[in-house]
Amino acid sequence: MDANVARTLSDPVRSLLVLALFLAVATAAHADAWVPADPPRDEPFALTAADGTAVRVNQVDLAPLSIEVRPPAGSFRESTLVGEEVEDADAAVAPGGWAAVAWQDLTSGLRLTVVRPDGTSTERKLDGTQATAPTVGIDAFGNVTAAWLTPAGLQTTRGLVAPQASAVDVAVSPSGRRLLTWGTETAVFARADDEPIQQLGAASLPSRMTAEIADDGAALAAFQDGPTGAVTVVDRPAGGAWSAPHAVSGLYPAVPRSFGDDFNYLSTVLTADGRAVVAWEHSRGPSLGVFGVGGRPGGAWGPPTPLSSPIRDAGAMQAGFGAAGDPHVLWGESEIGERGAKWVVGATPDAVPLDAQLTLPARRLSTRTGALEITASVRCAKPCDVRLSAHRSFTSDTRALPAGRTTRLRLRFTDIQVLYPRDPHVAKVELAVADRAGHVQRTKRTYRVRVIQRSMRSFRVGPSRKFGTGSRAGDRAVGRLVNTMLEGLHTREIRTERELRRKYQAGKRELERAGYDLGFDSATERQILAVLEVPLALKGYFAHRVLGVD
């Protein structure tokens, strides 16, 4: 503001400006936020209702389906097995202890199982074996609405709805409000209760449709846009009209359609007071993360927020209700286990910077076999996750650390490539820490690796070495083949990979004529690979390619 203008302001105006500034700061400090809410350790995820009723469905493709139900304030009852060759299923739960599961069996067709509050259940047939994509909803009185796709179109427990559909979901509120949503190649549609069918908007190859409806009629439908992968929402307030489709995923679209439909990449929940959560999986380069957004149907939606750790893979997520009835999302993180977050209106976001001390000691590594060991130490000022990893290793030392404790990490891994004569003989290591708000701190170091050379003859095997042929004579015959190859490398009789492969293939054919199994991934082949991998790498050869198993 110009100084001359400021001097002309009266004291009341100046007071109003100060008050406005204070309110703006207070509003920014107390925005809606995601708050960590991890589930009990080693407790499998379940679909939950607001009163704690839950259903857990364990599905193994083309096997019986296991259904477990937990009544309010109770524990999970003994599982119920249904079907014989179940290939698809969908579950729903309602307050009061009700649960419903629609499941498609390869031999008996599409069937519906309803579990009552007293633990008894009923089962009935819905359709034949050509039905696909079953979805189901249930209210607090046990009334069920199910929908599925057939060659004739979209079918429900109330009859045929549409001649064409490629994605479908059904939602039922506790009091019995119903919402059916579906997509075609070019549009998305909805039918709430007995209202006329409405086209919600244009869409391109929508998939992974999911729907929610509250007792007051507030509703939402979410789906993945085909070309972009954007998570798209169509919503309406109680008594209001549907919005136009709008993307909520920002720069974090859902995983590509090519990942398949065997997992729950998109999940939603809507509370009785109108709080809605949409969660999805997003592919971050070679890894996956869980993201979420909160909002209100017919109102504003927050920004897309990373929920899982940015330094680990995450997936198998499920939106639902927490113990206090808050909307939350649960997921699994590699090497850590189950985690969760709840969306809390008026919560204060964690804006505290991540203050961590990361130490990768300077040293030179050495190896005879490609086995390496890296140590590091970490200290975080607040709880954090830490991951120590190397660029050519699938293993890592990953932990959740408390605040203020110095922790020593140790990573042991094998890098066969470092043995190759033309390799730069380095190990690139990264030490990363992250907090639950997504703040990340990293440090990297490149270590020189000294490869300790050995004579090819030092790798020769003795007559007692077992190779899994099932006989002493067979094991000794394989041992002679291995030793012949090593001797040829030592004397330089074998000078190229082509000559090495010829020597192995000739010996392999002779052993197979004698009745020994040296086929792909046989026990004998694995034992040969274990003996030759290091010496061949020292000579610059890839053992898998030499043995023809790559």
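Just so it is clear, the model here is predicted, and its values are computed rather than measured. (Residues numbered from 1 in each chain as written. Predicted model: local features only at pLDDT ≥ 70, side-chain atom pairs only at ≥ 80, totals over all residues. Heavy atoms only, no water.)

A. Layout of the sheet that holds strand β2 (residues 47-48). Read across the sheet, seven strands follow the order β2-β3-β4-β5-β6-β7-β8 without closing on themselves; strand pairing throughout is antiparallel. Strands at the two margins of the open sheet, each flanked by one partner only, are β2 and β8 (121-127). Strand direction decides the pairing type here: strand β7 (residues 109-115) and β8, joined by six bridges, are antiparallel. In the sheet register, Val 114 faces β8, and the bridge partner there is Thr 122. (Pairing = 2+ DSSP bridges. Helix = DSSP H or I, 4+ residues; strand = E, 2+ residues; numbered from the N terminus.)

B. Focus on empty space enclosed by the protein. Counted under the stated rule, the structure contains one cavity of 30 Å³ or more. In terms of lining, the largest cavity is formed by Leu 307, Ser 308, Ser 309, Pro 310, Glu 333, Arg 339, Asp 385, Asp 435, Arg 436 and Gly 438. Class assignment for the residues of the lining of the largest cavity results in two nonpolar, three polar and five charged. (1 Å grid on protein atoms, 1.4 Å probe; cavity = no way out; pocket = protein on both sides within 12 Å on 5 of 7 lines; lining within 4 Å. Points joined across faces, edges and corners; volume = space filled by probe spheres on them. Nonpolar A, V, L, I, M, F, W, Y, C, P; charged D, E, K, R; others polar.)

C. Spatial organisation of the packing of helix α3 (residues 472-491) against helix α4 (residues 497-513). For the pair α3 and α4, interaxial distance at closest approach is 10 Å and the crossing angle is 165 degrees. Here α3 is positioned roughly antiparallel relative to α4, judged by the angle of their axes. Once α3 is placed against α4, the crossing between them reads as right-handed. The segment α3 lies against α4, with Ala 477, Val 478, Leu 481, Thr 484, Met 485 and Leu 489 engaging Leu 500, Lys 503, Tyr 504, Gly 507, Lys 508 and Leu 511. Partitioned by chemical class, the residues of the contact of α3 with α4 number eight nonpolar, two polar and two charged. (Axes fitted to C-alpha atoms, helices over the stretch in contact; angles between N-to-C directions. Parallel < 35°, antiparallel > 145°, perpendicular 65-115°, else oblique. Left-handed = near helix turned anticlockwise from the far one by under 90°. Contact = heavy atoms within 4.5 Å.)

D. The arrangement of the nonpolar core in detail. Core analysis: the largest hydrophobic core is formed by 58 residues, its most contacted members being Ile 374, Val 378, Leu 388 and Ile 528. Residue contributions to this core peak at eight residues, all from helix α5 (residues 523-538). (Core = buried A, V, L, I, M, F, W, Y, C linked by side-chain atoms within 4.5 Å. Buried < 20%, exposed > 50% of the residue type's maximum accessible area, 1.4 Å probe, protein only.)

E. A look at unusual backbone geometry. Residue Asp 193 is not a glycine yet carries a positive backbone phi of 50 degrees. Note that Asp 193 resides in the loop between β15 (187-192) and β16 (198-202). Under the relative-accessibility criterion, Asp 193 is labelled buried at 19%.

F. Just α4, in detail. Taking 1.5 Å per residue as the helical rise, α4 with its 17 residues ought to reach 24 Å, and the 24 Å between its terminal C-alpha atoms agrees with that figure. Considering only its buried residues, α4 is in contact with α3, α5 and α6 (543-547). Phi for Gly 515, located one or two positions after α4, is positive at around 100 degrees. (Expected span 1.5 Å × (residues − 1).)

G. Highlighting the side chain of Thr 184. Tracing the sequence through the fold places Thr 184 in the loop between β14 (178-183) and β15. Looking at Thr 184, the relative accessible area reads 13%, which means it is buried. Among residues more than four places away in sequence, those in contact with Thr 184 are Gln 164, Ala 165, Ser 166, Phe 189, Leu 205 and Pro 206.

H. Structural context of a positive patch on the surface. On the surface, a cluster of positive charge is made up of Arg 364, Arg 368, Arg 448 and Arg 450. Following the sequence through the fold, Arg 368 ends up in the loop between β29 (365-367) and β30 (371-380). Accessibility expressed as a relative area gives 47% for Arg 368, which makes it partly exposed. (Patch = residues over 30% accessible without salt bridge, like charges linked within 9 Å, V, L, I, M, F, W, Y side chains within 5 Å. Areas by Shrake-Rupley, 256 points an atom, 1.4 Å probe, with all protein chains shown as cover. Salt bridge = Lys/Arg side-chain N within 4 Å of Asp/Glu carboxyl O. Lys, Arg positive; Asp, Glu negative; His and termini not counted. Charge placed at Lys NZ, Arg CZ, Asp CG, Glu CD.)

I. How the structure looks around the packing of α3 against α5. Remark: α3 packs on α5, axes separated minimally by 11 Å, with the N-to-C direction vectors making an angle of 15 degrees. In terms of orientation, α3 and α5 fall into the roughly parallel class. For the crossing formed where α3 meets α5, the hand is right-handed. Together, Val 478, Val 482, Met 485, Leu 486 and Leu 489 of α3 and Thr 524, Ile 528, Val 531, Leu 532, Pro 535 and Leu 536 of α5 make up the contact between the two elements.

J. Here's a closer look at the layout of surface pockets. Roughly 650 Å³ of internal volume is contained in the second largest pocket. In terms of lining residues, the second largest pocket is bounded by 28 residues, among which Trp 34, Thr 305, Asp 350, Arg 436 and Ala 437 are the most central. Counting only elements with at least two residues in the lining of the second largest pocket, the list comes to β1 (33-36), β24 (305-306), β27 (337-344), β31 (384-390) and β32 (396-401). Top element by residues in the lining of the second largest pocket is β1. It accounts for four residues. Of the residues in the lining of the second largest pocket, the class split is 17 nonpolar, four polar and seven charged.

K. How the structure looks around the state of the cysteines. Scanning the model with the defined rule gives one disulfide in all. Between the sulfur atoms of Cys 380 and its disulfide mate Cys 384 the distance is 2.2 Å. Measuring the twist about the S-S bond at about 80 degrees, one finds the Cys 380-Cys 384 disulfide to be right-handed. According to the relative accessible area criterion, Cys 380 is buried, its value standing at 1%. With relative accessibility at 4%, the residue Cys 384 sits in the buried group. (Disulfide = S-S within 2.5 Å.)

L. Geometry of the confidence of the model for the protein. Per-chain confidence: the protein averages 90 in pLDDT, with 92% of residues scoring 70 or above. A low-confidence stretch, residues 1-30 stays under pLDDT 50, and its non-local contacts, those more than four residues away or across chains, total 11 contacts. Counting interchain partners and residues more than four positions distant, the pLDDT-below-50 stretch residues 257-262 has 10 contacts. (pLDDT = per-residue confidence, 0-100.)

M. Quick look at the pairing of strand β6 (residues 98-105). Most of β6 sits out of view: eight of its eight residues are buried. With eight bridges connecting them, strand β5 (residues 80-94) and β6 associate as antiparallel partners. If you follow Val 93 over to β6, its bridge partner there is Ala 99. Examined bridge by bridge, β6 and β7 share seven bridges and lie antiparallel to one another. Of the residues in β7, the one forming a bridge with Asp 105 is Gly 109. Hairpin connection between β6 and β7: a loop of three residues separates the two successive antiparallel strands.

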